[in-house]
Amino acid sequence: MSELEPTNTSEINNKIKDLLDSRKNLVTHLKSLNKKRLDMRDEINTITSQLGEHQADLEPLYQQVGDLRKERQVLINEKKEIWTKINDANEGIKSTDSNNKEQVSKTDRRFNKKENFKNVSKRIKEIEWKLQTEQLTRQEEKQLIDNIKSLQIKYNEWKKSTSARKEVSGLFKKIKKIGSNIDTIEESRKTAKASLDEKKIVFDTKFKQREKLFSEMNGFNDDIQELETTLKSNSKELQVLKSQRNEIFKSIKSVSKSEILKKKKVILEKEKSKAKEKLESGQSLSFDELRLAYDDDDEYLT
């Protein structure tokens, strides 16, 4: 604070008035900032409560999206395993078909194109019946037995191939079903993800809004602290000026009293002189005149 040494009350009063006006403005500004800070704190509390509600909404969506992602991955892994089985089964079918071609003659191959699994089984039964019911030469019997053996090999291979093809067909059905389930899960995941993203945008917006309010409120705190410091300095300076003014008033009062006493003393001296003259001439005196005549003037000078 600056050292002030005013020499007259007018100057000091002007400075006191300026300080009081400044103090009034500071207090008004301080009240306004404090109210804004309180309003901001209320708004921050409201946003914090809203963030808690949004967080409660987000958590199950995070869980749902995560569960759907895991479920989808399980199906994808299962689908890969089935494709491996299909590839293995197809390799087996190719191998069986290759063996069939090697075990039959060219004539049989041309004929086999018209055959199917049931026809082979029927032919085996017909030959077996013929062997059991007809009288055959050893050569005919041997030929029929060889035919049965050849057909039985083909039957077994075809049975194995047919079983493998049925397995492959079943596996493809599984893949189709899994693909459908994956599509359903993916749609659910996309829906949940869209809802999650939407709510997250709201959450992030509210969070940033709260951070901005915190930053602004901290700025107000700095301004308020600065105002309070200025206000303290103002009060201190005001107190010094008032003390100086009081000292001046005391000094003025003291000087005024001294002047009055001087004038009063002159008057009393004159009155005392008159009273003594009257006393000496034998004239009658009042009680106060008698006191003055005998130098009892203390009461008059107080």
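Residues numbered from 1 in each chain as written. Predicted model: local features only at pLDDT ≥ 70, side-chain atom pairs only at ≥ 80, totals over all residues. Heavy atoms only, no water.

Novice: Can you walk me through the overall build of the protein chain in this structure?
Specialist: Tallying secondary structure elements over the protein chain gives six helices and zero strands in all. In the protein chain, the succession of α and β elements from N to C terminus is α-α-α-α-α-α. Looking at the protein chain as a whole, 24% of its 302 residues qualify as buried. Counting every atom, the protein chain has about 22000 Å² of accessible surface; 51% of that belongs to carbon and sulfur. (Helix = DSSP H or I, 4+ residues; strand = E, 2+ residues; numbered from the N terminus. Buried < 20%, exposed > 50% of the residue type's maximum accessible area, 1.4 Å probe, protein only. Areas by Shrake-Rupley, 256 points an atom, 1.4 Å probe, with all protein chains shown as cover.)

Novice: Looking at this structure, I do not really get the confidence of the model for the protein chain. What am I missing?
Specialist: Low pLDDT means the predicted atomic positions in that stretch should not be read closely. Averaged over every residue, the pLDDT of the protein chain is 76; residues scoring 70 or more account for 80%. Here residues 103-114 scores under 50 on pLDDT; set against residues more than four positions off or in separate chains, the count is 11 contacts. (pLDDT = per-residue confidence, 0-100. Contact = heavy atoms within 4.5 Å.)

Novice: Before we go on, may I ask you to explain the nonpolar core in this structure?
Specialist: One broad rule of soluble globular proteins: the nonpolar side chains tend to lie buried together. In terms of nonpolar packing, the biggest core is built from 19 residues, with Leu 30, Leu 33, Met 40, Leu 196, Leu 213 and Leu 227 touching the most fellow members. Within the residue set of this core, elements represented by two or more residues are helix H1 (9-103) and helix H4 (138-281). In terms of residue count, H1 provides more of this core than any other element does, 10 residues in total. Sequence-distant contacts of Leu 30, that is, excluding residues within four places in its chain, are made with Ile 224, Leu 227, Glu 228 and Leu 231. Among the nonpolar cores identified, the runner-up in size contains 11 residues, and Leu 68, Ile 82, Val 168 and Leu 171 belong to it. (Core = buried A, V, L, I, M, F, W, Y, C linked by side-chain atoms within 4.5 Å.)

Novice: Could you clarify how one ought to interpret the packing of aromatic side chains in this entry?
Specialist: Aromatic rings considered in pairs are described by the distance between their centres and by the relative angle of their planes. Applying the stated criterion to the full structure yields two aromatic pairs. With 5.6 Å between their ring centres and 85 degrees between their planes, Trp 83 and Phe 172 make a pair best called edge-to-face. Taken as a pair, Trp 83 in helix H1 and Phe 172 in helix H4 lie far apart in primary sequence, 89 residues in all. On the basis of relative accessibility, which here comes to 37%, the residue Trp 83 falls in the partly exposed class. Exposure remark for Phe 172: the relative accessible area of 39% places this residue in the partly exposed category. Look at Phe 203 and Phe 207: their rings are 6.4 Å apart centre to centre, the planes differ by 15 degrees, and that puts the pair in the stacked class. (Phe/Tyr/Trp six-rings, centres within 6.5 Å; stacked < 30°, edge-to-face > 60°.)

Novice: It is not clear to me how the pattern of salt bridges should be interpreted in this structure. Could you clarify?
Specialist: When charged atoms on two side chains of opposite charge get close, those side chains can pair. Going through the model one piece at a time under the given rule, you end up with six salt bridges. The residue Arg 72 makes a salt bridge to Glu 186 at a minimum N-O spacing of 2.9 Å. Of this pair, Arg 72 sits in helix H1 while Glu 186 is found in helix H4, placing the two residues 114 residues apart along the sequence. Looking at Glu 186, the relative accessible area reads 14%, which means it is buried. Note that Asp 146 and Lys 142 form a salt bridge whose closest N and O atoms lie 3.4 Å from each other. In this pair, Asp 146 and Lys 142 both sit in helix H4, four residues apart, roughly one turn of the helix. Of the residues examined, Asp 146 reaches a relative accessible area of 33% and is grouped as partly exposed. The network of salt bridges with common partners includes Arg 72, Glu 186 and Arg 189. (Salt bridge = Lys/Arg side-chain N within 4 Å of Asp/Glu carboxyl O.)

Novice: Teacher, can you tell me more about the environment of Glu 228 here?
Specialist: Tracing the backbone through its elements, the reader meets Glu 228 in helix H4. Between the alpha carbons of Glu 228 and Leu 26 there is a distance of 8.4 Å; along the sequence they are 202 residues apart.

Novice: Teacher, can you tell me more about the environment of Glu 226 here?
Specialist: Along the chain, Glu 226 falls in helix H4. Glu 226 sits 196 residues away from Leu 30 along the chain, and the two C-alpha atoms are 9.8 Å apart.

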